[in-house]
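Chain by chain, the residues run as shown.
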There are 2 protein chains.
Amino acid sequence: MPESVEKPEMRMAELSRRSELSVPTIKYYLREGLLQPGRRTSVNQAVYDQTHLERLRLIRALTTVAGLRLAKVRAVVAAVDGQASEVEAMGVTQDVLVGEVDGDDADASAILDRAITARGWRCETKSPAYRAAVSAVAMLGTEGLTPILDRLDAYVEAAEDVGRTDLDAIADAGSLEDRIRGVVLGSVLRRPLLEALVLLAQQHFAQELTRTEEG
Amino acid sequence: MPESVEKPEMRMAELSRRSELSVPTIKYYLREGLLQPGRRTSVNQAVYDQTHLERLRLIRALTTVAGLRLAKVRAVVAAVDGQASEVEAMGVTQDVLVGEVDGDDADASAILDRAITARGWRCETKSPAYRAAVSAVAMLGTEGLTPILDRLDAYVEAAEDVGRTDLDAIADAGSLEDRIRGVVLGSVLRRPLLEALVLLAQQHFAQELTRTEEG
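Note that residues are indexed from 1 along each chain, following the sequence as it is written. Chains and ligands are labelled by the order in which they are written, letters from A for the one and numbers from 1 for the other. Selection of residues for local features in this predicted model requires a pLDDT of at least 70, selection of side-chain atom pairs for listing and counting requires 80 or more, and totals for whole chains, interfaces and linings are taken over all residues. Values shown for side chains rest on all heavy atoms present in the structure; no hydrogens or waters enter the calculation.

Trainee: Pulling in residues and values, what's your account of the overall build of chain A?
Mentor: Runs of E in the DSSP output that reach at least two residues are strands. Runs of H or I that reach at least four are helices, and both are numbered from the N terminus. On a plain count of helices and strands, chain A comes out with ten helices and two strands. Radius of gyration here uses only the C-alpha atoms, and the compact-globule reference equals 2.2 Å multiplied by the residue count raised to the power 0.38. Its C-alpha atoms give chain A a radius of gyration of 22 Å, clearly above 17 Å, the size a compact globule of 215 residues would have. A principal-axis box enclosing the C-alpha atoms of chain A has dimensions of 75 × 45 × 30 Å. Burial analysis of chain A (215 residues in total) assigns 48% to the buried set. Throughout, a contact is declared for two residues whenever any of their heavy atoms are within 4.5 Å. For chain A, contacts bridging at least 24 residues in sequence account for 66% of all contacts bridging at least 6. What sets the accessible areas is the Shrake-Rupley method with a 1.4 Å probe; for residues, cover comes only from the shown protein chains. Here chain A displays about 10,500 Å² of accessible surface, and carbon together with sulfur accounts for 49% of that area. His residues and chain termini do not enter the charge count, which takes Lys and Arg as positive and Asp and Glu as negative. Where a charge lies is defined by one atom per residue type, namely NZ (Lys), CZ (Arg), CG (Asp) and CD (Glu). Taking the 26 positively charged and 34 negatively charged side chains of chain A as two groups, their mean positions are separated by 10 Å. For the exposure calls, accessible area comes from a 1.4 Å probe over protein chains only, and a residue counts as buried if that area is under 20% of its type's maximum, exposed if over 50%, partly exposed in between.

Spelled out as structure tokens, the structure:
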């Protein structure tokens, strides 16, 4: 992936302005080791560059937009910093965003597996996302919504289009930090968009239905 | 739509058992006019039928599953009871589920309109769903997530598949009550399913990406 070419250095005040975070907040992230130290220019001064800005934007997305606690922010930052591959870093981010889910239902799991195997998906069955899907299937079963479960293949296919587009949307970002930030913001902000669009599609099809019946 | 053929009558105790609602709760709904009166068999007794059960199941979906207040439940029940067409009743239900949204952004509205007009959707621009979509587009713009907005067409297309499948799933229900209940439960319970499936799709494509790069 291409790194940004120019890395002009900046002082703390500008870092604060450009990251939209206060100086005390940035100093707190420095002390906590979430933000890497700047390049020291004197005993009391340091300069920062684009990598610091990207890190702060990622932290801001995790805290302000996703509303995560510092322990979870730390887990994502550690994955980005550490030896983890990009896929592992994205996995950690997903796990943190989904949180703990109780999804242990053999019947629901079998229903889900059949549908995702049919499309050739390889998924991490220990991941919170998988458990969340099992839990959702189980809940639909409990409420007797079999017409939805009968159409699981159609939902899986639509989810595939959304997931592919999501990854496509973050692929252009120059740094791993920016791509992980894209995963976080995408997950939090793309979700209400998709659900609102689904409601509009329902409006459209409901009217179509009426016109057909009238016509 | 086919009405259920047999309508065996039942006493309050059985209505309570089959609706999974307590007798005092059912009596409260009777007093509030949310549940239509039963057929009186003596001064102190009445019998109820399938239509009462369907109504109670709808109310239970609105209160317990969707967590709506009684005023909003009343709006849905009034639409189902009233002279409103099925599409209008579904519209009221959608509005109630989405709630009040502040979505008044000319730029975001133009971006959204272009995408939904391209697919020939006719939408109610005064509806909470439309305002929620405008608000989501505006938020993505504010956070600089242009890569997602650039792919709005792909999300609209996926949403179309989901919305069509949602309507398809409720079309089989025998009564309007059951179809509206399907809209409510679908909206509340299908949502976490779709989002979990999207995460699994992301897992799948992220791994594909790595395999391609390695191979």
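Trainee: Give a detailed account of the interface of chain B and chain A, specifying residues and quantitative values.
Mentor: The interface is formed by 67 residues belonging to chain B together with 67 residues belonging to chain A. For the pair chain B and chain A, the summed buried surface comes to about 6,600 Å²; carbon and sulfur atoms form 70% of the total. By salt bridge we mean one thing: a side-chain nitrogen of Lys or Arg within 4 Å of a carboxyl oxygen of Asp or Glu. Taken together, the connections running from chain B to chain A amount to eight salt bridges. As a salt-bridge pair, E195 of chain B and R191 of chain A come within 3.7 Å of each other at their nearest N and O atoms. For this analysis, a polar contact is any N or O atom pair within 3.5 Å, provided that within protein one partner can donate a hydrogen and the other can accept it, and provided that sequence-adjacent residues contribute only side-chain to side-chain pairs. Remark: the boundary between chain B and chain A carries 21 residue pairs in polar contact (both at pLDDT 80 or more). Of all elements in the fold, only α3 (50-65), α5 (86-98), α7 (128-142), α8 (146-149), α9 (152-171) and α10 (176-214) of chain B reach the threshold of two or more residues within the side of chain B that touches chain A. It is α10 of chain B that provides the largest number of residues to the side of chain B that touches chain A, a total of 24 residues. Under this grouping Gly is polar, as are all residues other than the nonpolar Ala, Val, Leu, Ile, Met, Phe, Trp, Tyr, Cys and Pro and the charged Asp, Glu, Lys and Arg. Partitioning the side of chain B that touches chain A into residue classes produces 40 nonpolar, eleven polar and 16 charged. Once two parts are put together, the accessible area they lose, assessed with a 1.4 Å probe and summed over both, is termed the buried area.

Trainee: Report on the UniProt feature "domain: HTH merR-type" (unreviewed entry) in chain A, specifying residues and quantitative values.
Mentor: Following the UniProt record, one finds the feature "domain: HTH merR-type" (unreviewed entry) at residues 9-79 of chain A. Secondary structure within residues 9-79 of chain A divides into 61% helix and 6% strand; the distance between the first and last C-alpha atoms comes to 25 Å. UniProt positions are given in the numbering used here, feature names are shortened, and annotations may be inferred rather than shown by experiment.

Trainee: Mind laying out the pattern of salt bridges, listing which residues take part and the relevant values?
Mentor: Residues and elements named next belong to chain A. Under the defined criterion, the tally for this structure stands at 38 salt bridges over all chains. For D153, the salt bridge is made with R114, and the minimal N-O distance between the two is 3.6 Å. With D153 in helix α9 (residues 152-171) and R114 in helix α6 (residues 106-118), this pair connects stretches of sequence that are 39 residues apart. Judged by its relative accessible area of 38%, D153 is partly exposed.

Trainee: Please give an account of the side chain of T63 of chain A that cites residues and values.
Mentor: Residues and elements named next belong to chain A. Mapped onto the fold, T63 is located in helix α3 (residues 50-65). Within the structure, T63 has its side chain in polar contact with the backbone oxygen of R60 (distance 3.4 Å). For T63, the residues in contact, after removing those within four places along its chain, are Y29, L68 and V73.

Trainee: Provide a residue-level description of the domain arrangement of chain A, including the pertinent values.
Mentor: All names here are of chain A. An automatic or database domain assignment supplies the start and end points of every domain. Considered domain by domain, chain A is made up of domain 1 (1-98 + 180-215) and domain 2 (100-171). Placing the centre of domain 1 and that of domain 2 at their C-alpha centroids yields a distance of 26 Å. Opposite the nine residues of domain 1 that make contact, domain 2 presents eleven residues. The contact between domain 1 and domain 2 buries some 690 Å² in all, and 69% of this surface belongs to carbon and sulfur atoms. Sorting the residues of domain 1 by area buried against domain 2 places D95, V98 and R190 first, and these three jointly supply 55% of that buried surface. Summed over the shared surface of domain 1 and domain 2, the result is one salt bridge.

Trainee: Run through the relation of the copies chain B and chain A, naming residues and quoting values.
Mentor: When chain B is fitted to chain A, the residual RMSD is 0.0 Å, and the transformation amounts to a turn of 180 degrees plus an axial shift of 0.0 Å. Expressed as a symmetry operation, the mapping of one chain copy onto the other fits a two-fold axis. When C-alpha distances to the rotation axis are compared across chain B, the minimum falls at A158 of chain B, with a value of 2.6 Å. Here 100% of the contact residues of chain B are again contact residues in chain A; the copies associate through an equivalent surface. Copies overlap after least-squares fitting; the atoms used are the C-alpha atoms of residues with pLDDT of at least 70 in both.

Trainee: Go over unusual backbone geometry, please, and point to the residues and values.
Mentor: Residues and elements named next belong to chain A. The residue E20 is not glycine, and still its phi comes out positive at about 60 degrees. As for its position among the elements, E20 is in the loop between α1 (12-19) and α2 (23-31). Among the residues examined, E20 registers a relative accessible area of 60% and is labelled exposed.

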